[in-house]
Amino acid sequence: MSLPATVIPLPQPVLLPVEGTADAFPVRRVYCVGRNYADHAIEMGHDPSREPPFFFQKNAENLVAEGKDFPYPPLSSDVHFEVECVLALKAGGQDIPAETALDCIYGYAVGIDFTRRDLQAEAKKFGRPWEVAKAFEYSAPVSPIVPAAQLGHPSAGRIWLELNGKRVQDGDLNQMIWKVPEIIAELSKLFILAPGDVIMTGTPAGVGAVKKGDHVKCGIDGIATLSVKVA
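Just so it is clear, the structure is predicted and the values come from calculations on it, not from any experiment.

Caption draft 1: Main features of the packing of aromatic side chains. This model, assessed by the stated rule, comprises six aromatic pairs. Consider the rings of Phe-25 and Tyr-106, whose centres lie 5.9 Å apart with planes at 25°: the pair is stacked. Of this pair, Phe-25 sits in strand β2 (residues 24-26) while Tyr-106 sits in strand β8 (residues 105-112), placing them 81 residues apart in sequence. Of the residues examined, Tyr-106 reaches a relative accessible area of 27% and is grouped as partly exposed. Between Phe-70 and Phe-114, the aromatic rings sit 3.8 Å apart at their centres with planes inclined by 5°, giving stacked as the arrangement. With Phe-70 in the loop between β5 (63-65) and β6 (79-81) and Phe-114 in the loop between β8 and β9 (115-116), this residue pair connects regions lying 44 residues apart in the sequence. The two residues Phe-70 and Phe-114 agree in class, both being buried. Ring-pair connections join several aromatic residues into one group, and the members of that group are Phe-54, Phe-56 and Trp-130.

See the structure below:
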């Protein structure tokens, strides 16, 4: 059965490279976990107690493959970096048990959740959504995806970020309040997950502002590194 003609051209798919291959990972949705490291929750003025996780979204088009600059966004003078472990799903569903959640993962990457912190603070003040602070163009640079078949499922590993050669974020994946299987299980209670979904799992303490001309390098030991210039 052929598809009907479209009144405008179909949008181009968002594709992320897979490490060591010519293949690409097609992105469907992007979910993000808020305040998932205790020290970051504290630095943002929140209680790091293990309350139910909360989620927000970016757009698939916000993802930027390595090798492209991050253009400083308009309408903000306080843009922050947040290094994160990124999950790429090959399967999904609803009410996924934590015990089988790792079976849904295709691979892992390192990414940056750039945030217009001043706009986020204003949104928080008035109880408004965060999209203008989080889901703006080019706000999520991501390294190539490393398949879990090659990597396994790391539950620990140093996660770090350097700004102009100075290390400013330095944590470990084992410091996550909600671990990867739990994140997938909890998220699947709220949404029907599917192949192509990407999950950004939160950031350790040390977030800070960037300016034009800055160089950002980040990584997760044993998984990937990522370098970005602020343009």
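Still to come is the rest of the account.
Caption draft 2: Focus on the sheet that holds β9. Spatial ordering of the open sheet is given by β9-β6-β15, a layout of three strands whose pairing is antiparallel. Each of the sheet's edge strands pairs with one partner strand only, and the pair in question is β9 and β15 (208-210). Where β6 lies against β15, three bridges are found, and the strand directions are antiparallel. Of the residues in β15, the one forming a bridge with Val-79 is Val-210.

Caption draft 3: Region of interest: the pattern of salt bridges. Enumeration according to the criterion identifies nine salt bridges in this entry. Measuring nitrogen to oxygen at the nearest pair gives 2.9 Å for the salt bridge that ties Asp-113 to Lys-58. Here Lys-58 lies in strand β4 (residues 55-58) and Asp-113 lies in the loop between β8 and β9, a separation of 55 residues in the sequence. Exposure class is identical for Asp-113 and Lys-58. Each is buried. In this structure, the salt-bridge partner of Lys-134 is Glu-82, at a minimum N-O distance of 3.5 Å. With a gap of 52 residues between them, Lys-134 in helix α3 (residues 131-134) and Glu-82 in the loop between β6 and β7 (83-89) connect regions that are remote in the sequence. Note on Glu-82: relative accessible area 5%, which makes it buried. Via salt bridges that share partners, Lys-58, Glu-82, Asp-113, Arg-117 and Lys-134 belong to a single interconnected network.

Caption draft 4: Up close: the nonpolar core. Ile-112, Phe-114, Leu-173, Ile-184, Ile-199 and Val-210 are the most contacted members of the largest nonpolar core, which totals 44 residues. Elements represented by at least two residues in this core include exactly β3 (30-33), β6, β7, β8, β12 (158-163), α5 (180-190), β16 (215-220) and β17 (224-229). In this view, Ile-184 contacts Leu-87, Leu-89, Ile-96, Ala-101, Ile-105, Leu-193 and Ile-199; residues no more than four positions away in its chain are not counted. In this structure, Val-30, Phe-56, Val-86 and Ala-109 belong to the second largest nonpolar core, which totals 20 residues.

Caption draft 5: Focus on the sheet that holds β12. Taken in spatial order, the four strands make up an open sheet running β13-β12-β16-β17, and their pairing is antiparallel. Each edge of the sheet is formed by a strand with only one pairing partner; in this case those strands are β13 (166-172) and β17. Between one strand axis and the next, the sheet turns through 10° on average, direction left out of account.

Caption draft 6: Focus on unusual backbone geometry. For Arg-35, which is not glycine, the phi torsion reads 45° and is therefore positive. Turning to its location among the elements, Arg-35 is positioned in the loop between β3 and α1 (38-43). Relative accessible area serves as the criterion here: at 23%, Arg-35 is assigned to the partly exposed category. The backbone of Tyr-138 shows a phi angle near 65°, a positive value even though the residue is not glycine. One can find Tyr-138 in the loop between α3 and β10 (140-142). Overall, Tyr-138 belongs to the partly exposed group, its relative accessible area being 44%.

Caption draft 7: Structural context of the pairing of β13. Taken together, the six bridges between β12 and β13 define a ladder with antiparallel strand orientation. Paired with Leu-161 across the two strands is Gln-169, which belongs to β13. Taking the residues that link successive antiparallel strands as the turn, the β12-β13 hairpin has two residues, and the phi of Asn-164 there is positive, at about 55°.

Conventions used here
Residues numbered from 1 in each chain as written. Predicted model: local features only at pLDDT ≥ 70, side-chain atom pairs only at ≥ 80, totals over all residues. Heavy atoms only, no water. Phe/Tyr/Trp six-rings, centres within 6.5 Å; stacked < 30°, edge-to-face > 60°. Helix = DSSP H or I, 4+ residues; strand = E, 2+ residues; numbered from the N terminus. Buried < 20%, exposed > 50% of the residue type's maximum accessible area, 1.4 Å probe, protein only. Pairing = 2+ DSSP bridges. Salt bridge = Lys/Arg side-chain N within 4 Å of Asp/Glu carboxyl O. Core = buried A, V, L, I, M, F, W, Y, C linked by side-chain atoms within 4.5 Å. Contact = heavy atoms within 4.5 Å. Axes fitted to C-alpha atoms, helices over the stretch in contact; angles between N-to-C directions.

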